[in-house]
Amino acid sequence: MPKQKYLFIQRSQPGKGEKPSPAKMEEMFARFNAWKAKFQGNIVDMGGKLKGGGKIVTSEGETDGPFVESKEVVGGFMIVSADSMEEAMKVARESPGVWMPGASVEVREIQTP
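Residues numbered from 1 in each chain as written. Predicted model: local features only at pLDDT ≥ 70, side-chain atom pairs only at ≥ 80, totals over all residues. Heavy atoms only, no water.

Another point: the pairing of strand 1 (residues 4-12). Bridge count for strand 1 against strand 5 (residues 73-82) is nine bridges, and the pairing is antiparallel. If you follow Arg11 over to strand 5, its bridge partner there is Val74. Sheet topology places strand 1 next to strand 6 (residues 104-110); seven bridges connect them, and they run antiparallel. Bridge assignment links Leu7 to a residue of strand 6, and that residue is Arg108. (Pairing = 2+ DSSP bridges. Helix = DSSP H or I, 4+ residues; strand = E, 2+ residues; numbered from the N terminus.)

Set out below in structure tokens:
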């Protein structure tokens, strides 16, 4: 497995695109499985879809918000390993995170000791 790890942050813009039909969902699921099989050697942790809510922790305690407001929604994340940023970008370009209108994947290198 390659040495460097990258954080993929799945982003979308609220209200962009229509809800996919059951046939389209089936097609997307097949494409996702093909992508996952192709890059199985790069995928370290599939992460997941983030649930709503959460907590904000500071030195003074914790609260339920307010959260950072944004034009985009962070929908999920995953950890990918690659030999270079270029290889990580190839994995991201073909990932399910860029298939829907308004969707994107932010790729960040993870610094390791």
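After that view of the structure, there is still more to cover.
For the rest of this paragraph, the subject is the sheet that holds strand 5. Sheet architecture is open: four strands sit in the order 2-5-1-6, paired in antiparallel fashion. With partners counted over all chains shown, the strands left at the sheet margins are strand 2 (43-49) and strand 6, one partner each. When the angles between neighbouring strand axes are averaged without regard to direction, this sheet yields 20°. With respect to the sheet, helix 1 (residues 22-38) is in contact with strand 2 and strand 5, its orientation differing from that of strand 2 by roughly 150°. Against the sheet, helix 2 (residues 85-93) touches strand 1, strand 5 and strand 6, its axis set at about 155° to strand 6. (Axes fitted to C-alpha atoms, helices over the stretch in contact; angles between N-to-C directions. Contact = heavy atoms within 4.5 Å.)

Another aspect to go through is the side chain of Gln10. In this structure, Gln10 sits in strand 1. Discounting residues that sit within four places of it in the chain, Gln10 has contacts with Val73, Val74, Gly75, Gly76, Phe77, Met78, Gly97, Ser104 and Val105.

Turning our eyes to something else, we now look at the confidence of the model for the protein. Mean pLDDT over the protein works out to 84, with 89% of the residues at or above the 70 mark. Here strand 3 (residues 56-58) stands out as the element of the protein with the lowest mean pLDDT, 77, in contrast to helix 2, whose mean of 93 is the highest. (pLDDT = per-residue confidence, 0-100.)

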